[in-house]
Amino acid sequence: MRILWAVNLATKYSSQIAEVFTAGSFVKGKTSTTFDLTGVKTLKVYTPVTVPEVDYTREGMARYGTVTEMQDIVQELKMTQDKAFTLTIDKGNYLDQNMSKKAADMLRLQINEQSTPAADKYALKRFAMMAGTIATTETAPTKETIVEMISTGAQTLDDNLVPDGDRYLYVTAEGYKMIRLSPEFTGLEGLGVKAIGKGVCGEIAGLNIVRVPKSYMPTGCYFIITHKNSVLMPYKISDAKVHNDPVGVSGALIEGRHYYDAFVLGAKSNGVYALVQKSSKLTAPILAFSSQTVTATKPSGAEEMRYTVDGTDPRYSDSAKVYTAGVAMTSGAIFRVAAFAEGKFTSDVVDRTC
């Protein structure tokens, strides 16, 4: 009688695998850890909305202004990347007593060579597609222009009061080469500093340069700037097992499952900037207003439009709805809409106060 037994690697090695993933990732470790998704696949983030200040009035019953209940921007975060893999270790290749150890080694190899690159590519694509600012250019950066383009991105973060420090510039090796060959190279502070993390190879305009493989950068995107607290990349090994001598296999069968996702936090989206090819970004919807009804015209190439009527950003807000027809509005309400399509960068948000 054959006795089947299995070692649960998720329990025994999950923390070690998480460390392997973080060490091998260009993105993990450079994202926020404020929100913990461990044990859940969905999380709602509530960010309080402050109000503008008004002049103090020395008479009447509303001297501090009109009392307004503090509202929240709600963003639902749901991990959608549910991945799996399986492979075998034949008994003829390895001794029985080494199978469990070899299975763990193979699992680490799987994470390093397949899971980590796939997750990084996905994360960078999400950051670019959902960046608070998606700037466009008709001409690709050159060694004469790339530093100015990067500096413009850093200035955008400055103008939006994004905190200094923990800012990262994701650029390809080709882009990094152009930086090094640029006329401003000699004035760049610390470009040749020792790497302080995976892929980090210097600093420019207050940004830590992260040199990533060309295949990692989304198509049509030249570089991405993120602030650590503006992006999330939850990752979890949910299941990893080695089955010894299952039916049909003389040896070990390894099965693994993990899920992850990447997000731009709507309330802190000004900390994410992407420079993309102009033709790769959707143009903004066109709005018309008549008889208290707002209509939106879908731009060319867009698959859908999402809108809100509470003033929140439709790219991130939990209250966003898919636009299908004109929306009746109340006086003073704000209609905001953006266009989306797979393979295209998200349009700018346009709004209309009714």
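Anyway, here's the lowdown on the structure attached to this text. (Residues numbered from 1 in each chain as written. Predicted model: local features only at pLDDT ≥ 70, side-chain atom pairs only at ≥ 80, totals over all residues. Heavy atoms only, no water.)

### Focus on the pattern of salt bridges
Right, so step 1: Inspection of every chain in the model, using the stated rule, returns 10 salt bridges.
Right, so step 2: The closest approach of N and O atoms between R257 and D82, which form a salt bridge, is 2.7 Å. Of this pair, R257 sits in strand β12 (residues 251-260) while D82 is found in strand β4 (residues 81-90), placing the two residues 175 residues apart along the sequence.
Right, so step 3: On the basis of relative accessible area, R257 is assigned to the partly exposed category, the value being 39%.
Right, so step 4: The exposure class assigned to D82 is partly exposed, which follows from its relative accessible area of 34%.
Right, so step 5: Note that K125 and E342 form a salt bridge whose closest N and O atoms lie 3.1 Å from each other. (Salt bridge = Lys/Arg side-chain N within 4 Å of Asp/Glu carboxyl O. Helix = DSSP H or I, 4+ residues; strand = E, 2+ residues; numbered from the N terminus. Buried < 20%, exposed > 50% of the residue type's maximum accessible area, 1.4 Å probe, protein only.)

### Concerning the packing of aromatic side chains
Right, so step 1: With the rule as written, the count across this model stands at six aromatic pairs.
Right, so step 2: Taking 5.9 Å as the distance between ring centres and 80° as the angle between the ring planes, the aromatic pair formed by Y122 and Y260 counts as edge-to-face. Pair noted here: Y122 is in helix α2 (residues 99-129) and Y260 is in strand β12, with a separation of 138 residues, a long-range link.
Right, so step 3: Among the residues examined, Y122 registers a relative accessible area of 19% and is labelled buried.
Right, so step 4: By relative accessible area, Y260 is classed as buried at 2%.
Right, so step 5: Between the aromatic rings of Y307 and F335, the centroid separation amounts to 5.3 Å while the plane-to-plane angle is 20°, which identifies the pairing as stacked. With a gap of 28 residues between them, Y307 in strand β17 (residues 304-308) and F335 in strand β20 (residues 334-340) connect regions that are remote in the sequence. Exposure class is identical for Y307 and F335. Each is buried. (Phe/Tyr/Trp six-rings, centres within 6.5 Å; stacked < 30°, edge-to-face > 60°.)

### Remarks on the environment of I334
Right, so step 1: Along the polypeptide, I334 turns up in strand β20.
Right, so step 2: A sequence separation of 20 residues divides I334 from C354, and the C-alpha atoms of the two residues are 6.3 Å apart.
Right, so step 3: Excluding anything up to four places from it in sequence, I334 contacts T308, V309, D310, G311, M329, D351, R352 and T353. (Contact = heavy atoms within 4.5 Å.)

### Some details on the sheet that holds β17
Right, so step 1: Across the sheet, which stays open at both edges, the four strands sit in the order β18-β17-β20-β21 with antiparallel pairing between neighbours. Of all strands in the sheet, those with a lone pairing partner are β18 (321-322) and β21 (350-353), marking the two edges.
Right, so step 2: In the sheet, β17 pairs with β20 via five bridges, with the strands oriented antiparallel. Of the residues in β20, the one forming a bridge with R306 is A338. (Pairing = 2+ DSSP bridges.)

### Structural notes on the sheet that holds strand β14 (residues 272-277)
Right, so step 1: On the basis of which strands lie adjacent, the open sheet formed by six strands has the order β5-β14-β9-β6-β8-β7 and mixed pairing. The strands lining the two open edges of the sheet, one partner per strand, are β5 (133-137) and β7 (200-204). Averaged over all adjacent pairs, the angle separating strand axes in this sheet is 25°, with direction ignored.
Right, so step 2: In this sheet, strand β8 (residues 207-212) lies alongside β7 in antiparallel orientation, the contact comprising three bridges. (Axes fitted to C-alpha atoms, helices over the stretch in contact; angles between N-to-C directions.)

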